[in-house]
Amino acid sequence: MPELRKDPIVGRWVIISTERGKRPTSFKIAERVLASSGFCPLCPENEDKTPPEVYAVRRNGSKPNTPGWSLRVVSNKFPALIIEGSLNKQGEGMYDKMNGIGAHEVIIETPSHGTPLSQLDLQSFEDVLWAYRERILDLKKDERFRYVLIFKNHGVEAGASLDHSHSQLIALPITPKLVMEEMEGSKNYYNYKDRCVFCDIVHQEREDKRRLIVENNDFLAIAPYASRSPFEVWILPQKHYSSFVNIPPEIYRSLAEIFRDVLSRIEVALEDPPYNFTLHTSPFNNLINDYYHWHFEIIPTLSKIAGFEIGSGFYINSTPPEEAATFLKEIK
Amino acid sequence: MKKILVADDEEGIRILYREELEEEGYEVKVAANGKEALELLDSFVPDLVILDIKMPDISGIEVLKQIRVKFRNLPVILSSAYPEYQQDLSTWASDAYIVKSSNLENLKSTIKKILAG
């Protein structure tokens, strides 16, 4: 019989198939759809086709907006939100609205077109994480912004339009509803139990081991108890840190190691599936707290959201997280 | 006289753009689809191209990529009724992205700005 599982943070329900779950081979995409090829505006030598860089890693002393970089961050050429202007919140009868202020940036993770994030060398992977940190800290100075969302779309089915590896950042004048729900859920749990819900998850998953995929001294990767999607993976710090930007600099290497390892395992097990990952971290007005614990959530795009999910907010997951963790754990 | 190539599968748009841009003093050639636009570019090198994105044979984005291989710096404006295509980073190979409107003032000022630059 299927099992209904409740996410302990936001109270979201998931229907988990408890019969033999779908194995990784069930999800292999018959014909890989390649993101459009040909001229790539993110490649070296095409710096003039992007807006000027706001951050870059250039270990060879090359000049900004020229080749020679190993990572670049540029504003989105056609952004969803506009950086210029003051925030103007208004009411329209009973409705609320504001002008579309925000920052939309693209992190070009490598100069090498076609090399996925999972295959970057460790230093380059760590550079990506540092770029996230530096951009968040810079945008935090802007008083209009409440939250910076970092996300990656890998593969056409996950929303990537170019196969040049990149992630994106959107700075928002409001804290997203999902983040608010996580903050409130975590705070409620803390008020009731006097413990961080994520710290409890870390503790229990390390003891239980059925959903533990891999760990190192500073981080662990798990298939969450109420996974919304087959092979959903969370990467969490072992110690309590409420914000991504507050972790000690020396553990970025450790994060790069486990993150790259997890992406490689997913890539091998599911033959390079499309996926999305998002950084979940405390909003700017509450960076340091005892109840929220930053983490990355990686969700392979293996199932479609349809009427039931939209109407109910429930998810249906055909692979129990215990089985997903076993598959991923066995990948060397 | 500056030359502009307009590629759009909607005849009404081709007529409107041609009339309005000729009034502005440009020489305008039109193509009804992506293939025709690429063929025209073999014999006619414009100062600027306006490309519709959603065309039945080759999409405007694919045409843009092929243009970039041959003409790295030829100014291209993508013009679409669908603002969501802006999220496709392939559009960055263009010089501007215009959401179609019956009022062509934005298009005209974008053309002027690009050609002056």
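Engineer: Is there a simple way to think about the overall build of chain B in this case?
Structural biologist: Helix and strand counts for chain B come out as four helices and five strands. Element order for chain B, N to C, with α for helix and β for strand: β-α-β-α-β-α-β-β-α. Compactness check: chain B gives a C-alpha radius of gyration of 13 Å against a globular reference of 13 Å for 117 residues, within 12% of the reference. In terms of overall dimensions, chain B has a C-alpha envelope of 30 × 30 × 30 Å along the principal axes. Buried residues in chain B amount to 37% of all 117 residues. The contacts of chain B with a sequence gap of at least 6 include a subset with a gap of at least 24, amounting to 57%.

Engineer: Teacher, can you tell me more about the overall build of chain A here?
Structural biologist: Scanning chain A for helices and strands turns up six helices and 15 strands. The C-alpha atoms of chain A give 20 Å as radius of gyration, which agrees with the globular expectation for 332 residues (20 Å, within 12%). C-alpha extents for chain A along the principal axes are approximately 60 × 50 × 40 Å. Looking at chain A as a whole, 39% of its 332 residues qualify as buried. Counting contacts in chain A only where the partners sit at least 6 residues apart, residues at least 24 apart contribute 69% of the total.

Engineer: What is the right way to read helix 4 (residues 105-116) of chain B from this model?
Structural biologist: The periodicity of an α-helix, 3.6 residues per turn, causes residues three or four places apart in sequence to face the same way. All names here are of chain B. Given a rise of 1.5 Å per residue, 12 residues ought to cover 16 Å, and the 16 Å separating the end C-alpha atoms of helix 4 matches this to within 8%. What helix 4 keeps buried is the set Leu107, Thr110 and Ile111. The arc enclosing the buried residues of helix 4, seen along the axis, measures out at 100°, which places them on a common side. Exposed side chains of helix 4 directed beyond 90 degrees from the buried face belong to Glu105, Ser109, Lys112, Lys113 and Ala116. Looking at the buried positions of helix 4, the neighbouring elements they touch are strand 3 (48-52), strand 4 (76-80) and strand 5 (96-99).

Engineer: Teacher, can you tell me more about the interface of chain A and chain B here?
Structural biologist: Size of an interface: often given as the accessible area lost when the parts come together. Facing 12 residues of chain A, the contacting portion of chain B comprises 12 residues. Residues of the side of chain A that touches chain B, tallied by class, amount to six nonpolar, four polar and two charged.

Engineer: Explain the sheet that holds strand 2 (residues 13-16) of chain A here, please?
Structural biologist: What holds strands together in a sheet is hydrogen bonding between their backbones, with the strands either parallel or antiparallel. All names here are of chain A. Read across the open sheet, the three strands follow the order 1-2-15; overall the sheet is mixed. With one partner strand each, in any of the chains shown, strand 1 (3-6) and strand 15 (315-317) form the two edges of the open sheet. Each neighbouring strand pair of the sheet contributes to a mean axis angle of 30°, computed without reference to strand direction. Pairing of strand 1 with strand 2, which is carried by four bridges, proceeds in the antiparallel orientation.

Engineer: In this structure, what is going on with the nonpolar core? I would like to understand it.
Structural biologist: Judged by nonpolar contacts, the single largest core of 103 residues is most densely connected at Val233, Ile235, Phe259, Val262 and Ile266 of chain A together with Leu51 of chain B. Element by element, the count of residues in this core is highest for helix 4 (residues 252-269) of chain A, at eight residues. Ignoring any residue separated from it by four or fewer positions in sequence, one finds Phe259 of chain A in contact with Phe125, Ile235 and Phe296 of chain A. In terms of nonpolar packing, the next biggest core, distinct from the first, is built from five residues, Val14, Tyr225, Ala226 and Tyr315 of chain A among them.

Engineer: Looking at this model, I keep getting lost on the pairing of strand 9 (residues 166-172) of chain A. Mind explaining?
Structural biologist: The two faces of the sheet receive side chains in turn, since in a regular strand these alternate between them. Residues and elements named next belong to chain A. Along strand 9, six of the seven residues are buried, which leaves the element largely enclosed by surrounding structure. With six bridges connecting them, strand 7 (residues 103-108) and strand 9 associate as antiparallel partners. Within strand 9, the residue paired with Ala103 across the bridge is Ala171. Summarising the sheet, strand 8 (residues 147-154) and strand 9 pair through five bridges and their orientation is antiparallel. Its bridge partner being in strand 9, Ile150 is matched across the sheet by Leu169.

Engineer: Would you mind going over the sheet that holds strand 4 of chain B with me for this structure?
Structural biologist: Residue and element names in this part refer to chain B. Taken in spatial order, the five strands make up an open sheet running 2-1-3-4-5, and their pairing is parallel. Each edge of the open sheet is held by one strand with a lone partner, namely strand 2 (27-31) and strand 5. Put simply, the sheet's adjacent strands are angled 20° from each other on average, direction ignored. Together, strand 1 (3-7), strand 2 and strand 3 form the strand contacts of helix 1 (residues 11-23), whose direction differs from that of strand 2 by roughly 170°.

Engineer: Before we go on, may I ask you to explain the environment of Arg211 of chain A in this structure?
Structural biologist: Residue and element names in this part refer to chain A. In this structure, Arg211 sits in the loop between helix 3 (197-208) and strand 10 (212-215). On a C-alpha basis, the gap between Arg211 and Tyr225 in space is 7.4 Å, while along the polypeptide they are 14 residues apart. Sequence-distant contacts of Arg211, that is, excluding residues within four places in its chain, are made with Glu205, Ile222, Ala223, Tyr225, Pro321, Glu322 and Ala325.

Engineer: Just to check I follow, could you spell out unusual backbone geometry for this structure?
Structural biologist: Trans peptide bonds make up the majority, and among non-glycine residues the majority have a negative phi. All names here are of chain A. You will see that Glu271, though not glycine, has its phi angle at about 55°, which is positive. With respect to the element layout, Glu271 can be found in the loop between helix 4 and strand 13 (275-280). Judged by local crowding, Glu271 falls into the partly exposed class, with 13 C-beta atoms found within 10 Å. The backbone phi angle of Asp272 is positive, close to 50°, even though this residue is not glycine. Inspection of the secondary structure assignment puts Asp272 in the loop between helix 4 and strand 13.

Rules behind the numbers
- Residues numbered from 1 in each chain as written.
- Chains lettered and ligands numbered in written order.
- Predicted model: local features only at pLDDT ≥ 70, side-chain atom pairs only at ≥ 80, totals over all residues.
- Helix = DSSP H or I, 4+ residues; strand = E, 2+ residues; numbered from the N terminus.
- Rg over C-alpha atoms; globule rule 2.2 N^0.38 Å.
- Buried ≥ 20, exposed ≤ 12 C-beta atoms within 10 Å, placed from the backbone.
- Contact = placed C-beta atoms within 7 Å.
- Expected span 1.5 Å × (residues − 1).
- Arc of directions from axis to C-beta.
- Nonpolar A, V, L, I, M, F, W, Y, C, P; charged D, E, K, R; others polar.
- Pairing = 2+ DSSP bridges.
- Axes fitted to C-alpha atoms, helices over the stretch in contact; angles between N-to-C directions.
- Core = buried A, V, L, I, M, F, W, Y, C linked by C-beta atoms within 7 Å.

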